[in-house]
Amino acid sequence: LWSEKMSNIFKMPTQLYDCFIPPPRSPPIAGTAPNGTQSCRNHPGHCYETPYKPFRICLTAEEKVISGRKYETLESHLEGRSPLSVHLKIDSEGTEWAVLERFLASQAD
């Protein structure tokens, strides 16, 4: 996973957002992967050397619930962060395009 590489190579804390994958299929989303507690050098599965936070939320351009899945805005999760302080990777089943279009249209962002 990209987030594991960012954690283990660059020592960056990560926040994981996914409302689609069932937690039993994703140890990081389930919160069961090692989370900043050990070296991952010889660990056979998912492992984060730097702490991560999992969220059962998808990110989109507007806050809503679709088919029981909670969507929140990326802006709400970036609020209070300094400019150019976030490394972001988005893959949210197609909703990332609306989020990116909104950022491109905003002078502030």
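Overview of the structure. These numbers come from a predicted model, not from an experiment.

## Looking at the packing of aromatic side chains
- This structure, assessed with the given rule, holds two aromatic pairs.
- Ring plane angle 40° and centroid distance 4.4 Å describe the contact between Tyr48 and Tyr52, whose orientation is recorded as tilted.
- Since its relative accessible area comes to 0%, Tyr48 is described here as buried.

## A word on unusual backbone geometry
- One non-glycine residue with positive phi stands out, namely Lys11, at about 60°.
- With respect to the secondary-structure elements, Lys11 resides in the loop between helix H1 (2-10) and strand E1 (14-17).
- Residue Ser67 is not a glycine yet carries a positive backbone phi of 50°.
- Relative to the assigned elements, Ser67 resides in the loop between strand E4 (64-66) and strand E5 (69-73).

What counts, and at which threshold
- The residue numbers shown here count from 1 along each chain, following its written sequence.
- Thresholds applied to this predicted model are a pLDDT of at least 70 for local features of residues and 80 or more for the giving and counting of side-chain atom pairs; totals over whole chains, interfaces and linings are not thresholded and use all residues.
- Hydrogens are left out, water is left out, and the side-chain values use all remaining heavy atoms of the structure.
- Classification of ring pairs rests on two measures: the distance between centres of Phe, Tyr or Trp rings, Trp counted by its six-membered ring, which must be within 6.5 Å, and the angle between planes, read as stacked under 30 degrees, edge-to-face over 60 and tilted in between.
- Under the scheme applied here, a residue whose accessible area is under 20% of the maximum for its type counts as buried, over 50% as exposed, and between as partly exposed, the area being computed with a 1.4 Å probe on protein chains only.
- Under the DSSP-based scheme used, a helix requires at least four consecutive residues in state H or I and a strand at least two consecutive residues in state E, with every element numbered from the N terminus.

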